[in-house]
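Overview (structure and organization)
One-letter residues, chain by chain:
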Amino acid sequence: MRPFRLHEPTTVQEAASALADAGGGAALYAGGTELLLAMKSGLLAYDTLINVKSISGLDAIAADGNSIVIGASATHSAVEHDPLVRDRLPLLSEVEHGVANLRVRNVGTLAGNLCFAEPHSDPATLLLVYEAELDVAGPSGSRRIAVGDLQTGSYETSLGPDELLTAVRVPAFQAGVRAAYSKFGYHHRPTLGIAAALAVEDGVVADARLALGCVSPVARRLSRSEDVLRGERIDALTEGASALREVSRLASEDADAVEDMHGGVDYKEHLVRVFMERTLLRALAKNGGGDA
Amino acid sequence: MTTREFKTVGTAVRRVDADDKLSGRAQFTGDIEVSGMAFCRLVTSPLPHARIMSIDASRARALPGVYAVLTSAELVNMETHYGSDKKDRPVIAIDKVRFQGEPVAAVAAVDLATAEAAVELVEVEYEELPTVTGIDEALDPSSEPVHESNFCHEYGYEWGDVDSAFRECDRVFEDTFEFPMVYHYAMEPHTCIASYEPDRIRLWTSAQHPFLVQAEIARLFGRQLDQVQVVVPFVGGGYGSKSYTKIEPLVTALSREAGRPVRLALSVDEAMRTVRRHAARGTIRTGVMNDGTIVARECTGYVDTGGYTDNGVRVTERFGDRMPGPYALANVRVKTYGLFTNSTPAGSFRSIGGPQAIWVCESQIDVVAHALGMAPFEFRVKNLVREGEEVRRGRRPIEGDLEYALRRVADEFGWDSWTSGPTPPGVKRGIGFACGVTNSGASPTSTSLVRFHADGSATVYIGSAEMGQGSRSVMAQIAAEELRIPYEKIRVVASDTSAVPWDRSTGSSRSTTLMGLAVHDAAIDIRQQLLDLAAEHFEAFPEEIEAEDGRASFKGESVAFAALVRNMFGGSGGELMGRGYVTPKHASGKLRQDPVFWEVSIGAAEVEVDTATGEVRLLRYYSISDPGKAINPKQVEGQDEGAAMQAIGHTLFEEMLYEDGQLLNPNLVDYRVPIFTDLPHEFETVLIESGNGPGPYGAKGVGEGGIVCVAPAVANAVFNATGVRISTLPLTPERVWRALHEAGQT
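Residues numbered from 1 in each chain as written. Chains lettered and ligands numbered in written order. Predicted model: local features only at pLDDT ≥ 70, side-chain atom pairs only at ≥ 80, totals over all residues. Heavy atoms only, no water.

Examining the overall build of chain B
Rules: Each helix is a run of H or I in the DSSP string that is no shorter than four residues. Each strand is a run of E no shorter than two, and both are numbered from the N terminus. A simple rule labels every residue: compare its accessible area, found with a 1.4 Å probe on the protein chains alone, to the largest value its type can have, and call it buried under 20%, exposed over 50%, or partly exposed in between. Residues count as neighbours in contact if any of their non-hydrogen atoms are within 4.5 Å of one another.
Helix and strand content of chain B: 19 helices and 30 strands. Projected onto the principal axes, the alpha-carbon positions of chain B cover approximately 85 × 75 × 50 Å. In chain B, which comprises 746 residues, the share counted as buried stands at 63%. When contacts within chain B are restricted to residue pairs at least 6 apart in sequence, long-range pairs at least 24 apart make up 80% of them.

Focus: the overall build of chain A
We count it as follows: Based on C-alpha atoms, the radius of gyration is set beside the globule rule, defined as 2.2 Å times the residue count to the power 0.38. Here the accessible surface of atoms and residues is derived via Shrake-Rupley with a 1.4 Å probe, and residues count as covered only by protein chains that are part of the display.
Scanning chain A from N- to C-terminus turns up 12 helices and 14 strands. A compact globule built from 292 residues should have a C-alpha radius of gyration of about 19 Å, and chain A, at 19 Å, falls within 12% of that. Projected onto its principal axes, the C-alpha positions of chain A cover 60 × 45 × 35 Å. Within chain A, buried positions represent 53% of all 292 residues. Across chain A, the fraction of contacts at a sequence separation of at least 24, relative to all contacts at a separation of at least 6, is 62%. In the structure as shown, chain A presents an accessible area of about 12000 Å², 49% of it carried by carbon and sulfur atoms.

Quick look at the pairing of strand β25 (residues 575-582) of chain B
Residues and elements named next belong to chain B. Rules: Pairing between two strands is assigned when DSSP locates at least 2 bridges connecting them.
Side chains Leu576, Gly578, Gly580 and Val582 of β25 all project onto a buried face; the interleaved residues Glu575, Met577, Arg579 and Tyr581 project onto a face where none is buried. Examined bridge by bridge, strand β19 (residues 446-453) and β25 share 8 bridges and lie antiparallel to one another. Directly across from Arg451, in β25, lies its bridge partner Met577.

A short note on the interface of chain A and chain B
The condition is simple: Salt bridges are counted wherever a side-chain nitrogen of Lys or Arg sits within 4 Å of a carboxyl oxygen of Asp or Glu. Throughout this description, a polar contact denotes any pair of N or O atoms lying within 3.5 Å of each other; where both atoms belong to protein, one of them has to be capable of donating a hydrogen while the other can accept it, and for residues adjacent in sequence the pair is counted only when both atoms sit in side chains. Each residue gets one of three labels, nonpolar for Ala, Val, Leu, Ile, Met, Phe, Trp, Tyr, Cys and Pro, charged for Asp, Glu, Lys and Arg, and polar for the others, Gly among them.
The partner chain B presents 21 residues to the 20 residues of chain A that form the contact. Inspection of the region where chain A meets chain B yields 2 salt bridges. A salt bridge links B:Arg738 to A:Asp266; its shortest N-O distance comes to 2.6 Å. At the junction of chain A with chain B, the criterion picks out 8 residue pairs in polar contact (both at pLDDT 80 or more). Here the side of chain A that touches chain B gets 7 residues from one element, more than from any other, and that element is helix α12 (residues 265-285) of chain A. Here the side of chain A that touches chain B is composed, by residue class, of 10 nonpolar, 6 polar and 4 charged.

Regarding the packing of aromatic side chains
All names here are of chain B. Note the following rule: Paired rings are identified among Phe, Tyr and Trp, the last through its six-membered ring, by centres lying within 6.5 Å, and are further divided according to the angle between planes into stacked (under 30 degrees), edge-to-face (over 60) and tilted (the rest). Counted as over-ring charges are cases with an Arg CZ or a Lys NZ within 6 Å of the ring centre that also lie within 35 degrees of the ring normal.
Per the stated rule, a full pass over the model turns up 24 aromatic pairs over all chains. Arranged with centres 6.2 Å apart and planes meeting at 70°, the rings of Tyr183 and Tyr671 form a pair that is edge-to-face. In this pair, Tyr183 is assigned in the loop between β10 (171-179) and β11 (191-197) and Tyr671 in the loop between β29 (662-663) and β30 (682-687), connecting sequence segments 488 residues apart. Residue classification places Tyr183 among the buried positions, given a relative accessible area of 3%. Here Tyr671 falls in the buried class, since its relative accessible area comes to 0%. Three or more aromatic residues link up through ring pairs in this structure, and these residues are Phe377, Phe413, Trp415, Phe433 and Tyr622. The ring of Phe349 is capped by Arg277, whose NZ or CZ atom sits 4.1 Å from the centre of that ring. Across the ring face of Phe413, the terminal group of Arg620 is positioned such that the distance to the ring centre comes to 4.0 Å.

Brief notes about the packing of helix α5 (residues 90-97) of chain A against helix α8 (residues 122-130) of chain A
Residue and element names in this part refer to chain A. Heads up, the condition is: The axes are straight lines fitted to the C-alpha atoms, using for helices just the contacting stretch, and the angles between their N-to-C directions are given from 0 to 180°. Roughly parallel here means an angle under 35 degrees, roughly antiparallel means over 145, roughly perpendicular means 65 to 115, and every remaining angle is called oblique.
Running from N to C, α5 and α8 point in directions that differ by 170°, and their axes come no closer than 10 Å. Taken together, the axes of α5 and α8 lie roughly antiparallel to each other. On α8, the residues that touch Pro90, Leu91, Leu92, Val95 and Glu96 of α5 are Asp122, Pro123, Leu126, Leu127 and Tyr130. Each residue belonging to the contact of α5 with α8 can be placed in one class, and the counts come to 8 nonpolar, no polar and 2 charged.

What to know about the nonpolar core
Our working definition: Side-chain atoms within 4.5 Å link the members of a nonpolar core, which is a set of buried Ala, Val, Leu, Ile, Met, Phe, Trp, Tyr and Cys residues.
Among the nonpolar cores identified, the biggest contains 101 residues, and B:Phe433, B:Ile602, B:Tyr621, B:Val714 and B:Leu731 are the most heavily contacted of them. Considering every element that reaches this core, the biggest residue donor is helix α10 (residues 354-372) of chain B, with 10 residues. In this structure, B:Val714 is in contact with B:Ala605, B:Val607, B:Val616, B:Leu618, B:Thr651, B:Leu652 and B:Leu731, ignoring residues within four places of it in sequence. Listed in part, the 53 residues of the second largest apolar core include A:Leu114, A:Val129, A:Ala132 and A:Ala199.

Details of the confidence of the model for chain B
Note the threshold: What pLDDT conveys is the predictor's confidence in a given residue, as a value from 0 to 100.
Confidence in the prediction of chain B, expressed as mean pLDDT, is 97, and 99% of residues score 70 or more. Interface predicted TM-score (ipTM) for the complex: 0.95; the corresponding pTM is 0.97.

Things to note about helix α6 (residues 210-221) of chain B
Residue and element names in this part refer to chain B. This is how the line gets drawn: Every helix has an expected span of 1.5 Å times one less than the residues it contains.
For α6, built from 12 residues, the straight-helix expectation of 16 Å at 1.5 Å per residue is met to within 8% by its first-to-last C-alpha distance of 16 Å. Of all 12 residues in α6, 9 are buried, a share of seventy percent or more. Those residues of α6 not exposed but buried are Pro210, Phe211, Val213, Gln214, Glu216, Ile217, Ala218, Leu220 and Phe221. Here the buried face of α6 lies against β4 (81-82), β11, β12 (200-205), β13 (228-231) and α7 (248-258).

Quick notes on the domain arrangement of chain A
Residue and element names in this part refer to chain A. Worth spelling out the cut-off: Residue ranges for the domains originate in an automatic or database domain assignment. Two parts placed together each lose some accessible area under a 1.4 Å probe, and the buried area is that loss summed for both.
Structurally, chain A comprises domain 1 (5-54), domain 2 (61-171) and domain 3 (177-285). Listed as interface residues are 21 residues of domain 2 and, on the opposing side, 25 residues of domain 3. Both faces combined, the contact of domain 2 with domain 3 buries some 1700 Å², and carbon together with sulfur accounts for 58% of it. When the area that domain 2 buries against domain 3 is broken down by residue, the three leading residues are His120, Thr125 and Val129, summing to 37%. The interface formed by domain 2 and domain 3 includes 4 salt bridges. Glu118 is the salt-bridge partner of Arg189, the closest N and O atoms lying 3.7 Å from each other. In terms of residue count, the dominant contributor to the side of domain 2 that touches domain 3 is α8 (7 residues). Per-class residue counts for the side of domain 2 that touches domain 3 are 9 nonpolar, 8 polar and 4 charged.

Details of unusual backbone geometry
Following B:Asp594, the chain continues to B:Pro595 via a peptide bond in cis, the omega torsion being -5°. By the element assignment, B:Pro595 lies in the loop between β25 and β26 (597-610). In this model, A:Asp202 sits at a positive phi of 50°, which is unusual for a non-glycine residue. In this structure, A:Asp202 sits in the loop between β12 (192-201) and β13 (204-213). Residues other than glycine seldom take positive phi values, yet A:Asp256 does so here, at roughly 50°. With respect to the secondary-structure elements, A:Asp256 resides in the loop between α11 (242-253) and α12.

Re the packing of helix α14 (residues 511-538) of chain B against helix α15 (residues 561-568) of chain B
Residue and element names in this part refer to chain B. Interaxial distance between α14 and α15 falls to 10 Å at its minimum, and their mutual angle equals 80°. One finds that α14 runs roughly perpendicular with respect to α15. Residues Leu530, Leu533, Ala534 and His537 of α14 touch α15, and the partners they reach there are Phe561, Leu564, Val565 and Met568. The residue makeup of the contact of α14 with α15, split by class, is 7 nonpolar, 1 polar and no charged.

What to know about the side chain of B:Ser511
Residue and element names in this part refer to chain B. Mapped onto the elements, Ser511 comes out in helix α14. On the basis of relative accessibility, which here comes to 8%, the residue Ser511 falls in the buried class. In this structure, Ser511 is in contact with Ser464, Met475, Ser505, Thr506 and Gly516, ignoring residues within four places of it in sequence.

Some words on the pattern of salt bridges
One pass over the structure, following the stated rule, counts 74 salt bridges over all chains. Here A:Arg169 ties to A:Asp135 by a salt bridge, and the two come within 3.2 Å at their closest N and O atoms. In this pair, A:Arg169 sits in strand β10 (residues 164-171) while A:Asp135 sits in strand β6 (residues 133-138), placing the two residues 34 residues apart along the sequence. The exposure class of A:Arg169 is buried, given its relative accessible area of 11%. Of the charged contacts in the structure, one is a salt bridge between B:Arg407 and B:Glu378, with a shortest N-O distance of 3.9 Å.

Digging into a negative patch on the surface
In plain terms, the rule: The residues that make up patches have over 30% relative accessible area and no salt bridge, and they are joined within 9 Å when like-charged or within 5 Å when they are Val, Leu, Ile, Met, Phe, Trp or Tyr. Charge assignment in this entry is limited to Lys and Arg as positive and Asp and Glu as negative, and neither His nor the chain termini are counted. One atom stands in for each charge, and that atom is NZ of Lys, CZ of Arg, CG of Asp or CD of Glu.
Together, A:Glu259, B:Glu137, B:Asp140, B:Glu659 and B:Asp660 line one region of the surface with negative charge. Examined against the element boundaries, A:Glu259 turns out to sit in the loop between α11 and α12. Overall, the relative accessible area of 63% leaves A:Glu259 in the exposed class.

Focus on the pairing of β12(B)
Successive residues of a regular strand alternate their side chains across the two faces of the sheet. All names here are of chain B. Both β11 and β12 contribute to a ladder of 6 bridges, which runs antiparallel. Across the sheet, Tyr196 pairs through a bridge with Ile201, a residue of β12. The hairpin formed by β11 and β12 contains 2 residues between the paired strands. In this sheet, β13 lies alongside β12 in parallel orientation, the contact comprising 4 bridges. Residue pairing across strands places Leu203 opposite Val230, the latter belonging to β13.

Rendered as structure tokens:
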């Protein structure tokens, strides 16, 4: 690996200024689990890495109203084990437990995972159904964006060259929401991820949020499938109503799956159908309320 | 036959290197620093097949901190090519590159950062040539030749009257199976430090065969053997990837150019472009009678040896030796071919040609059994070669009872009473079996020296490289047993060509059998000297002396070995030296025939197939290991389970993927090796000690048997579960789903 300078800012503003000053020659660095691999293999080269871990308080996890605010340097393990997250966002804790392996979880960060924008990400898919928001800071102040507006392509985000993600804000599901996440694959990164969150009222799906990731460069919500689910009776769905197949069919149509080492397009579309049904049935089986 | 009582042999003693490895003190090549050492980085070819039109290293050489840049222009006053069977590998690419990642230039600099910066300043101009990818393109006469032609080696043998047998048998089956390119993934990638000096060459390297490296370096640089010292510290896994000579000639040539020691430590990415296992295709025609008797097998095989021969000659031959299987066959014809392609050169890998051959052989045995309506297990038993019969004409007869071994595995597995039990919708379970014999042992040539010290302790000198297999512990056990002293009093010095006597190699499951015999004989040589000294001491005959626990005794009196040695030298010091020579003419008479022994492999698998996704889960796996005599039972199990675990990789996940000659997955994120969560819930080694090996105490090697049966056992189990035969590895979910889908099973 080519040598680089390590800049250790103590404030977000300092980090943003350092990014702006470097004019593209610098990268933000938190866990380094993706970035350093790419640098070691020569795919990326930076003169300067800006270590956001030196910014005090950026790893905090705290409640803000109905949301849990996860600081940008909080590791996957910290998120997984945080009592607030376990209590209010149990599905996020569960999914974080399944990210990569223990070594990655202990140093890799949730925010870093989102910003690196590798297409095969569990949290990027899951956070779509939580309708999480992101706090973004730049030299001229900060803004808040929906998590779905961050990633624009493989390894590409909408962040400006002098902006950094400072926090991930995850609202807890309403009471009565049944949620589940499924992943599949034999590579270290998932081949497919599907998240489902269903608000159930009087045995009927009042609202549905479905997200699909990993089969294409950017994780997405599946609005046509969500529309079909709304108003469906859950006992009919559990018994395999035709709506279940319709939801799965639309999901595979809307997947925009691409061929890569994880599989061909037809195989991925098939997996979307299989796992959409499995995920919905798992979510519906959780009749105890909350998202666990 | 009396059963001998052993003190340490047969016991799972604590490894002699346990404390060093657990504490992190154990020294690997990468831990060594040599004064004045420069750091090397490689300029490698981005193209898989090209002529080198020019190399301009002037800007790199001018960079401050750069000591030297090696290109083919510097390969003067030395031999330029090396290799174990065919010397076709240039020390660094000459005129042409034959695979992506082939070293074209090498930089030595004051530190790695400078070397990396210099690499970017070396300008190489290429003229691209058409790429040859895979067996079909290598066989296509219109393809660009990688060398003079794309044929590396041809091998074959035949007995009986094959054509008549096929005409006269009841049914003939022909099937073709494919085995992927896979990488060893030794946790330590290849690492070497070379110091080229006026009167000698010193190397510290992660090599399995230190004396073969010594001979190759001496030949390349025109030195005497005694002027080349090869030191092999602990090796972080070999599996064949560090067999013969790999990066040592390049590093030595660069050290000569730089005028100082040079260190090169490869990355995983670079190691995957240094050596791999041969991809293979095998076709077997089998002629059978309706009663299930196999009357003829005709095997045709191809192995892809990549850009250079490396171990392609022997792999081509072993693939052919092993493909007909462990069956009594009256008529056999085998032809195998090694082919060049534009990919990483393929060399040794745990049981060379074995997993490929047994994959083809044992997949087809199930196909034939199913077509005949016979149970695959009974079909195998009916056709097995019997103990004492030749499994290959003119070779050593089979030295174990294969039917007994098969039945033992089946019994322990619960083969006959197995039922699928209830499964969720779309999930199917099945069981599969495979067996094979592999001709192991390499050449029966090793030597050992044992020094018995004046305090009753001993040092054992062996050429074997310690790469995790535990050879140092086994050699200490053998020496302790024969010297009649405690295991703790033995120290083992290994794999430094200036200190230890010659050994051929560490591979082919050979060390316990062959180096073990050398240590055994060297220790007995010393014991005899001690008995002679004791006889003198007691004024008795040597045969009348008892030797035990470091003391010699006669008629109720005893004397310490240490005292005998000190008395011999008339003072406080002195020592005895014992030697052991192992050659084909060894006095035991057991090493005259080839192979030195047959390694038996048997596997039984239970799998679960999710027909919706194609995912195959290995639920249970039973393997057999026959070490003849288990000198260290825990290490025997470790070898067998480690080999089977490694095989789960090529069975379910592992495959080096090439597209237009570019390796697509040169890292451990995209190239998936087995991890602990892939272990079956039940993973058992059935230990048989048949006592008939040619090594000490009837021991024989077990390092490779566990790797050969996993793939066919699993694929046979998938067939048993789904009725679908898959003929290409690995059994990835997508490949299995497509096969099920085509068969209308999803």
